[in-house]
Amino acid sequence: MTSQYISWVTPNREIYSRGRPTKMTESSSNKLLNGDSCHRTSNGKKSSKNGFVKNHGLLQEPQKYRRPREKNQNVTHNSSLYKKPFAESFEETPLLVAVLTYMGYGILTIFGYLRDFLRHWSIEKCHVAREKEEQKDFVPLYQDFENFYTRNLYMRIRDNWNRPICSVPGAKMDLVERVSHDYNWTFEHTGKVVKDVINMGSYNYLGFAENTGACADAAIEATEKYGVGVGSTRCEIGNLDIHEELEQLVARFLGVESSMAFGMGFATNSMNIPALTGKGCLILSDELNHASLVLGARLSGSTIRVFKHNNMQSLEKLLRDAIAHGQPRTHRPWKKILIVVEGIYSMEGSIVRLPEVVALKKRYKAYLYLDEAHSIGALGPNGRGVVDYFGLDPKDVDIMMGTFTKSFGAAGGYIGGKQELIDYLRRHSHSALYATSMSPPVAQQIITSMRIIMGEDGTTLGVDRIRQLSENTTYFRRELREMGFIIYGNDDSPVVPMMLYMPAKIGAFGREMLKRNIGTVVVGFPATPIIESRARFCISAAHTREMLDTALKATSEVGDLLQLKYSRRQRPLPSLGWMAEESLLQD
């Protein structure tokens, strides 16, 4: 099923599209594979029935300037909720590329079964753990079918992951060189170090992963005063004054009544969601939520229903059904309905449509859990996350969660909200009751970096880094698009996924980039849909324009070598400005 779209030209000469939502499935492998592109926006402009935009006198663009049709998962119906343009692009997989990708996985699967046959008859050496002959009648410890992908596909490109780093993972890093003589089953260190590799993979958004400067000095002082470990939980004798100071600062930074800090970001989700919901409660989860959110929802014992990624129609339908039908069998009202979303989705580079989620949450009297692991510090004019980015009231979000592992260059996570919420979690959260307290130098790193972001250090360093991150993100995304790559996500997201598709190109891209001294992260199935393997760049404020240009040049070279420039989007024509609009008026 396809969609019909209305296109227009905005004053900044960027072309946007709106249309009716297409019929989508949860699996990307079932999507249309026609090479169409997608560029969605909600910019507050409404079109009349004849397709002409009423504001600014902008007319409908004629057919000759129209972009290729676009994949549209979630069209904004409440554009008045947005105070600025909200543009995300998810260009469709070209049909030929999709077919070749499926063929590639099919060939790998066939050869995988052939090699398993050779291993079974001891013709080829088997490196994986297997059941002993005398244990055949017991419940198997190793599932051969589940390990099939690991044995025959993952091992071919295993050298792209778990690379040992021997320096600060800042804008540049040093890698320990390693080699494998048995096709990536084992690795040996050569004793050499690859120096000054441009780091395009770490979540060092604001550049606070550093061993010099105010943060490092403050962490050293905290280590000398408190030591490294606490040796107890917060509820016993592990509650230091630095922990209290950190939580008060986080609450002020977020604009909430109170907050609570935890030593591990993953456990902040997986251990606190079970404390908030239970049997008889309903969790509505985005289909692309992080594994920590998924685990927390499962551990809670609540009923879980998944809505399509960032799709407000899908979410509203689930909310209506939940209220209309209640719990299964008994049809009693749900004790609690919790909507769980992320600020920035780390694999897609998309930003949650928070104004619409908040509107739905208020309309249907649900609760909202917002995971700002990637967005806190990286979005908003003040670096206060997606709430600041959209100019919303923090009180509209019931549970504000985030991590200190990315923008703050530290470790751990936090929960922010009303005082009653935090008091409840202190008594019921497993992570609060049983986990060891946060390390003092880590807490001091967070305090110092957060004060720099807030400008409380007396400098403009925080504001400068936020602005630099935004500029770097815009520049890097624009250059990749102009080169002809297919990239996903929101224009303001520092997470930039670049599509690779074919399995053989996953490993080849990572290796070729490393040859050019660029460190990247490559991702494939099962972490992504089978035909949507990708490379993921993470932009940092510590990246200079020279570093970005070097990375872009290397990416372009590797893109030409591996034929990765799949994009079929039409580049904006030079004449598509006000002069073009005047000519259209004359026509």
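Residues numbered from 1 in each chain as written. Predicted model: local features only at pLDDT ≥ 70, side-chain atom pairs only at ≥ 80, totals over all residues. Heavy atoms only, no water.

As annotated in an unreviewed UniProt entry, the chain is serine C-palmitoyltransferase from Sander lucioperca. The Cofactor (unreviewed entry) field of the UniProt record for the chain holds the comment "pyridoxal 5'-phosphate". (UniProt positions renumbered as here; feature names shortened; annotations may be inferred.)

Asks: How do you make sense of the sheet that holds strand β6 (residues 188-199) when you look at a structure like this?
Replies: In a beta sheet, neighbouring strands are held together by backbone hydrogen bonds and run either parallel or antiparallel to one another. With respect to topology, three strands assemble into an open sheet ordered β5-β6-β16, the strand pairing being mixed. Looking at which strands have only one partner, the edges of the open sheet turn out to be β5 (172-179) and β16 (518-519). In this structure, β5 lies alongside β6, joined through six bridges in antiparallel fashion. In the sheet register, Leu175 faces β6, and the bridge partner there is Val194. (Pairing = 2+ DSSP bridges. Helix = DSSP H or I, 4+ residues; strand = E, 2+ residues; numbered from the N terminus.)

Asks: Explain the side chain of Asn272 here, please?
Replies: Within the fold, Asn272 resides in the loop between α5 (265-270) and α6 (273-276). Of note is the side chain of Asn272, whose polar atom sits 2.7 Å from the backbone oxygen of Thr268. Ignoring any residue separated from it by four or fewer positions in sequence, one finds Asn272 in contact with Phe262, Ala267, Ile415, Leu425 and Ser429. (Polar contact = N/O pair within 3.5 Å; in protein donor to acceptor, adjacent residues only side chain to side chain. Contact = heavy atoms within 4.5 Å.)

Asks: Help me understand helix α4 (residues 241-254), please; the structure alone is not making it clear to me.
Replies: Each α-helix turn comprises 3.6 residues. Residues three or four places apart therefore point the same way. Taking 1.5 Å as the rise per residue, α4 with 14 residues should run 20 Å; its terminal C-alpha atoms sit 20 Å apart, in good agreement. Within the sequence span of α4, burial applies to Ile242, His243, Leu246, Glu247, Leu249, Val250, Ala251, Phe253 and Leu254. The elements touched by buried residues of α4 are α3 (214-226), β7 (258-262), β12 (399-403), β13 (413-417), α11 (419-428) and α13 (440-454). Phi turns positive one or two residues past the end of α4, at Gly255, with a value near 80 degrees. (Expected span 1.5 Å × (residues − 1). Buried < 20%, exposed > 50% of the residue type's maximum accessible area, 1.4 Å probe, protein only.)

Asks: Please clarify how the packing of α4 against α13 should be interpreted in this entry.
Replies: The geometry of a pair of packed helices is captured by two quantities: the angle between their axes and the separation between those axes. Look at α4 against α13: their axes get within 10 Å of each other, and the N-to-C directions meet at 30 degrees. Relative to α13, α4 is oriented roughly parallel. Here α4 runs over α13; the crossing is left-handed. Residues Ile242, His243, Glu245, Leu246, Leu249, Val250, Arg252 and Phe253 of α4 form the contact with α13, whose participating residues are Pro440, Ala443, Gln444, Ile446, Ile447, Met450, Arg451, Ile453 and Met454. Looking at side-chain class alone, the contact of α4 with α13 contains 12 nonpolar, two polar and three charged residues. (Axes fitted to C-alpha atoms, helices over the stretch in contact; angles between N-to-C directions. Parallel < 35°, antiparallel > 145°, perpendicular 65-115°, else oblique. Left-handed = near helix turned anticlockwise from the far one by under 90°. Nonpolar A, V, L, I, M, F, W, Y, C, P; charged D, E, K, R; others polar.)

Asks: Explain helix α9 (residues 354-363) to me, please; I cannot follow it from the model alone.
Replies: Burial within α9 is extensive, with seven of its 10 residues counted as buried. Residues of α9 that are buried include every one of Leu354, Pro355, Glu356, Val357, Val358, Leu360 and Lys361, and no others. Looking at the packing, one finds that the buried side of α9 touches α8 (312-325), β10 (336-342), β11 (367-371) and α10 (386-390). Positive backbone phi, at 55 degrees, marks Lys365, one or two positions downstream of α9.

Asks: Can you walk me through the pattern of salt bridges in this structure?
Replies: One side chain can pair with another of opposite charge once the charged atoms of both are near each other. Scanning the model with the defined rule gives 26 salt bridges in all. Note that Arg516 is salt-bridged to Glu512, the shortest N-O span being 3.0 Å. Among the residues examined, Arg516 registers a relative accessible area of 27% and is labelled partly exposed. Residues participating in the shared-partner salt-bridge network are Arg115, Asp116, Arg119, Glu124 and Arg151. (Salt bridge = Lys/Arg side-chain N within 4 Å of Asp/Glu carboxyl O.)

Asks: What should I look at first to understand the side chain of Asp182 in this one?
Replies: One can find Asp182 in the loop between β5 and β6. Despite its burial, Asp182 pairs with no opposite charge, the nearest such side chain being Arg158 at 6.8 Å. A distance of 3.0 Å separates polar atoms of two side chains, one belonging to Asp182 and the other to Ser180. A polar contact is formed between the side chain of Asp182 and the backbone nitrogen of Trp185, at a distance of 3.4 Å. (Lys, Arg positive; Asp, Glu negative; His and termini not counted.)

Asks: Is there a simple way to think about the pairing of β11 in this case?
Replies: The side chains of a regular strand alternate, residue by residue, between the two faces of the sheet. The buried fraction of β11 is high, at four of five residues. Note: β10 against β11, five bridges, orientation parallel. Bridge pairing in β11 links Leu338 to Tyr367. In this region the chain leaves β10, passes through α9 and returns to the parallel neighbour β11; the handedness of that crossover is right-handed. The pairing of β11 with β12 spans three bridges and is classified as parallel. What sits directly across from Asp371, in β12, is Met401. (Right-handed = clockwise from strand over helix to strand, strands pointing away.)

Asks: Explanation requested: empty space enclosed by the protein in the structure shown.
Replies: By rolling a water-sized probe across the atoms, one finds the places where empty space is left. One pass over the structure, following the stated rule, counts four cavities of 30 Å³ or more. Here the largest cavity defines a volume of roughly 90 Å³. In this structure, the largest cavity is lined by Arg234, His243, Met260, Ala261, Phe262, Gly263, Ser431, Ala432, Ala435, Thr436, Ser437 and Met438. For the lining of the largest cavity, the secondary structure elements donating two or more residues are β7 and α12 (430-434). Looking at the lining of the largest cavity, the element that brings in the most residues is β7, giving three residues. Of the residues contributing to the lining of the largest cavity, the split by class is six nonpolar, five polar and one charged. (1 Å grid on protein atoms, 1.4 Å probe; cavity = no way out; pocket = protein on both sides within 12 Å on 5 of 7 lines; lining within 4 Å. Points joined across faces, edges and corners; volume = space filled by probe spheres on them.)

Asks: Even after reading the chapter, I still don't get the environment of Thr277, so can you show me in this structure?
Replies: By secondary structure assignment, the location of Thr277 is in the loop between α6 and β8 (281-286). The spacing of Thr277 and Ile337 is 60 residues in sequence and 8.7 Å in space, taken between C-alpha atoms. Beyond its immediate sequence surroundings of up to four residues, Thr277 is in contact with Ile283, Ser300, Ser302, Lys336 and Leu338. A polar atom in the side chain of Thr277 sits 3.5 Å from the side chain of Ser300.

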